[in-house]
Amino acid sequence: MKAHTLSILVENKAGVLSRVTGLFSRRGFNIESLAVGTCEEPDMSRITIVVIGDDAQVEQVMKQLNKLIDVIKVSDLTDSERVERELALFKVTADQGTTRAEIMQIATIFRAQIVDVGAKSVILQITGDTDKIDAMEKLLRQFGIKELIRTGRIGILRGTKTVTSSK
Amino acid sequence: MKTGAKLLIESLQREGVDTLFGYPGGSVLPIYDELYDSPLRHILVRHEQAAAHAADGYARASGRVGVCLATSGPGACNLVTGIATAYMDSIPVVAITGQVPTTMLGNDAFQESDIQGITMPVTKHNYLVKETSDIPRVVKEAFYIAGTGRQGPVLIDLPKDVNTRSVKEPVVPEKVELRGYNPTYKGHKRQIDKAIELITAAERPLIYAGGGVISSNASPELVGFASAHGIPVTTTLMGLGCIPCDHPLNLGMLGMHGTEYANFAVTECDLLIAIGVRFDDRVTGRIETFAPHAKVIHIDIDPAEIGKNKRVDVPIVGDIKSVLTDVIAGLAKKNACEAWQKRIKHWKQHHPLRYGNDKDDCLHPQFILQQMNELLKGEAVIVSEVGQNQMWTAQYFCFRHPRTWITSGGLGTMGYGFPAAIGAHFARPDLPVFDVAGDGSIQMNIQEMGTAAQYNIPVKIAILNNMYLGMVRQWQELFYDRRYSYTELPPVEFVKIAQAYGIEGIKVESCDEVMPALRAAVDHDGPFVLDFRIEREENVFPMVPAGAAINEMIGGHPPS
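Calculation rules
Residues numbered from 1 in each chain as written. Chains lettered and ligands numbered in written order. Predicted model: local features only at pLDDT ≥ 70, side-chain atom pairs only at ≥ 80, totals over all residues. Helix = DSSP H or I, 4+ residues; strand = E, 2+ residues; numbered from the N terminus. Rg over C-alpha atoms; globule rule 2.2 N^0.38 Å. Buried ≥ 20, exposed ≤ 12 C-beta atoms within 10 Å, placed from the backbone. Contact = placed C-beta atoms within 7 Å. Nonpolar A, V, L, I, M, F, W, Y, C, P; charged D, E, K, R; others polar. Pairing = 2+ DSSP bridges. Domains from an automatic or database assignment. Core = buried A, V, L, I, M, F, W, Y, C linked by C-beta atoms within 7 Å. pLDDT = per-residue confidence, 0-100. Right-handed = clockwise from strand over helix to strand, strands pointing away. Axes fitted to C-alpha atoms, helices over the stretch in contact; angles between N-to-C directions.

### A closer look at the overall build of chain B
Move 1: If you tally the helices and strands in chain B, you get 22 helices and 20 strands.
Move 2: For 560 residues, the compact-globule formula gives about 24 Å, and the C-alpha radius of gyration of chain B, at 24 Å, lands near that figure.
Move 3: Viewed in the frame of its principal axes, chain B has a C-alpha envelope of about 75 × 60 × 40 Å.
Move 4: Of all 560 residues assigned to chain B, the portion counted as buried reaches 57%.
Move 5: A sequence separation of at least 24 residues applies to 77% of the contacts in chain B between residues at least 6 apart.

### A word on the overall build of chain A
Move 1: A tally of helices and strands in chain A yields four helices and nine strands.
Move 2: Reading chain A from its N terminus to its C terminus gives the helix and strand order β-α-β-β-α-β-β-α-β-β-α-β-β.
Move 3: Along the three orthogonal principal directions, the C-alpha set of chain A runs to about 60 × 35 × 30 Å.
Move 4: In chain A, which comprises 167 residues, the proportion classed as buried is 29%.
Move 5: For chain A, the proportion of contacts with a sequence separation of at least 24, taken over those separated by at least 6, is 74%.

### Focus: the interface of chain A and chain B
Move 1: Across the boundary between the two partners, chain A contributes 16 residues, which contact 13 residues of chain B.
Move 2: Elements supplying a minimum of two residues to the side of chain A that touches chain B: α1 (16–26), α2 (55–67) and β4 (71–76) of chain A.
Move 3: Each residue belonging to the side of chain A that touches chain B can be placed in one class, and the counts come to three nonpolar, six polar and seven charged.

### Quick look at the sheet that holds strand β20 (residues 528–533) of chain B
All names here are of chain B.
Move 1: Taken in spatial order, the six strands of this open sheet run β16-β15-β17-β18-β20-β19, and their pairing is parallel. Strands with a single pairing partner mark the edges of an open sheet, and in this sheet they are β16 (405–406) and β19 (504–508).
Move 2: Note: strand β15 (residues 381–384) against β16, two bridges, orientation parallel. The residue bridging Val383 from the neighbouring strand is Ile406, located in β16.

### Overview of the domain arrangement of chain A
All names here are of chain A.
Move 1: What the domain assignment lists for chain A is domain 1 (2–80) and domain 2 (83–154).
Move 2: The gap between the C-alpha centroids of domain 1 and domain 2 is 29 Å.
Move 3: In this assembly, six residues from domain 1 lie in contact with five residues from domain 2.
Move 4: Of all elements in the fold, only β2 (31–38) and β3 (44–53) reach the threshold of two or more residues within the side of domain 1 that touches domain 2.
Move 5: Along the lines of polarity and charge, the residues of the side of domain 1 that touches domain 2 split into three nonpolar, three polar and no charged.

### Quick look at the domain arrangement of chain B
All names here are of chain B.
Move 1: What the domain assignment reports for chain B is domain 1 (2–167), domain 2 (189–350) and domain 3 (365–533).
Move 2: Between the C-alpha centres of domain 1 and domain 2 the distance comes to 37 Å.
Move 3: At the junction of the two partners, domain 1 supplies six residues and domain 2 supplies six residues.
Move 4: Grouping the amino acids of the side of domain 1 that touches domain 2 by side-chain chemistry returns no nonpolar, four polar and two charged.

### Let's talk about the nonpolar core
Move 1: The biggest cluster of nonpolar side chains holds 199 residues, and the ones touching the most others in it are B:Ala51, B:Cys68 and B:Val93.
Move 2: When neighbours within four sequence positions are excluded, B:Cys68 is seen to be in contact with B:Leu20, B:Phe21, B:Gly22, B:Ala51, B:Ala52, B:Ala54, B:Ala55, B:Leu79, B:Val93 and B:Ala95.
Move 3: Core analysis: the second largest hydrophobic core is formed by 13 residues, A:Phe90, A:Val122, A:Leu124 and A:Leu140 among them.

### Details of the confidence of the model for chain B
Move 1: Summary statistics for chain B give a mean pLDDT of 96 and a share of 99% for residues scoring 70 or more.
Move 2: Across the assembled chains, the prediction reports ipTM 0.91 with pTM 0.96.

### Concerning the pairing of strand β5 (residues 93–99) of chain B
Residues and elements named next belong to chain B.
Move 1: With seven of its seven residues buried, β5 lies for the most part within the structure.
Move 2: Burial along β5 is two-sided: the residues Val93, Ala95, Thr97 and Gln99 and Val94, Ile96 and Gly98 are all buried.
Move 3: Pairing of strand β4 (residues 66–70) with β5 involves five bridges; the strand directions are parallel. Each bridged residue has a counterpart across the sheet, and for Cys68 the counterpart in β5 is Ala95.
Move 4: For the segment spanning β4, helix α4 (residues 74–88) and β5, crossover handedness is right-handed.
Move 5: Direction of pairing for β5 relative to strand β7 (residues 153–159): parallel, over a ladder of seven bridges.

### A short note on unusual backbone geometry
Residues and elements named next belong to chain B.
Move 1: Cis rather than trans, the peptide bond between Phe541 and Pro542 has omega equal to 0°.
Move 2: Relative to the helices and strands, Pro542 resides in the segment after β20.
Move 3: Positive phi outside glycine occurs at Ser90, with the angle close to 55°.
Move 4: Examined against the element boundaries, Ser90 turns out to sit in the loop between α4 and β5.
Move 5: Under the C-beta neighbour-count criterion, Ser90 is labelled buried, with 25 such atoms within 10 Å.
Move 6: Even without glycine at this site, Arg403 takes up a positive phi of about 65°.
Move 7: Within the secondary structure layout, Arg403 lies in the loop between α16 (388–396) and β16.

### As for the sheet that holds strand β6 (residues 125–128) of chain B
All names here are of chain B.
Move 1: Here six strands make up an open sheet; going across it, the order is β3-β2-β4-β5-β7-β6 and the pairing parallel. One side of each edge strand has no neighbouring strand; the edge strands of this open sheet are β3 (41–44) and β6. On average, each strand axis in the sheet is tilted by 20° relative to the strand beside it, whichever way the strands run.
Move 2: Pairing between strand β2 (residues 19–22) and β4: two bridges, direction parallel. Bridging across to β4, Phe21 finds its partner in Cys68.

Next up, the structure:
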């Protein structure tokens, strides 16, 4: 069992996300992370799903996804050279003075940005892979995380290879 | 300018539809108004579920796409069991539903249900049409998707205002182009070569053929392939009829209620050639002990079926007719497998299907099916309900042609048979159509006697009446210490019910009445009910208990 990152190119139509996620729950696959957005083609969208399973299970889920009429292409990025990113926003308790300086120091080390400063809190924005965001979260816990929001993971192949519509 | 309803009817005609099954209601009034003077034949059922089953029965018997129509909300929801039945057995059906106007969608309007959402898991694809001008394209796509690749049901949901609005007639695309849908028809050359190698080398090959052979209209190729190389054939419930029952290489059905010799052959074979099958649990029993000594070739049009339940050695994705043609062309050496054939012949002689016909004078259901066989000689469409009636028919009726056996295999839908038989009649008006039923199943869609009577549809209903939900009772007898929890049904006078609908019938209580009653049914010009009062606690044997290996059969005999 390991995490597989699937990149799924779909028609940009109503109900497509529901078809894709419905298939996962119906066939008993757990979605670890999910991200959806438009892509280079205006009438298509790209969904990145992280699913945990053994190779046979993931092969089955990919075959089932391919059967959906609105799914144009499915690729498993897991064993390829790729770039994966998530984005997270942290709202952290920050008083005037020492804590605030300390938080800013952590932000610098993680190359995170402070995107909002309030009287009693700051908002940090960080991009990176899952581990980096987990590490940042661990460090920020001591100050009190009021709210944390993470996007799903997105992934893209390195080099000239692409996940495009030549099915 | 044309209304959506008009565009819909014209689109259906363009697809060659001649018959559809449906039930009107508020949201589909514009469609029904258009049907009123269209050349399409509409059969008014008594419950929307029956419309879906009838469309499915029509599709199975004809090989064409079946069509059903229902209104929004409850009408659409009542189709769901029928759609799911067609989905599980890969049957091409287009279901058309009315919907509340687009302006009211999502407002919990009267008779609104999200039928697109509800049917997503049980359709191959579905549509909610919001623009009138999309109707011709959507209908064309729906028929294309339903009837190609691995076939299946497609639903089109049409809001009322989409049907009433008039638009300039849109240009209908000549060809359907869907970039996300490209079924593979031609088998991969290298895989076919590998298969040929295995077939040539095999000493104990066995063909395991299923519904895919029928969908692909590949029976001639299958029989040709098996005969030329002396390869025995066992079929699934869905595959019955793809090889004539009395063909010397035919072993009948395998699996839970399969013949002993078919299950022995699976267990002993060294090469299993799986064609248009999906290694269902009712076939394989404990999957680890299914064909334990065999290499496996799996031919199927759906890549997702390959390796889903059983690891295979040679996967071939493609249309069965095309793949078998290529395999036959590539096989040079005739491999007669004489020792293997002799062994199977021995099993067939010593382990026939048997029941207590010589021990008593009870009315056994198997005897009734043998009599039907004698009368009809395979020249009929036989539809079944689900349960013991279905298994006895599969075991004892001798099917000679594909598309003459119609049954709900995957979903196992009680109440399927009678409406499916009605649909089958419109596909094959030249053949007698029988629905072999149980007293439980028939009562699930008994209201369709109204439909059969209204159109004088000559479906013969043979009820194997044991006043039990027989298959469940059998499991309770064998596995629950004869605790017959809620499986006994009080006696029903089915002939009287039939009479109330204006249908004739006979109650049959002894063996010597069987043949005259069957003759009366066939000779009668119209629907007919046969209420056979059978031996109440008759069981279906042999039987592989759930989770056992398929050579461990109750009511069987150890291989000799």
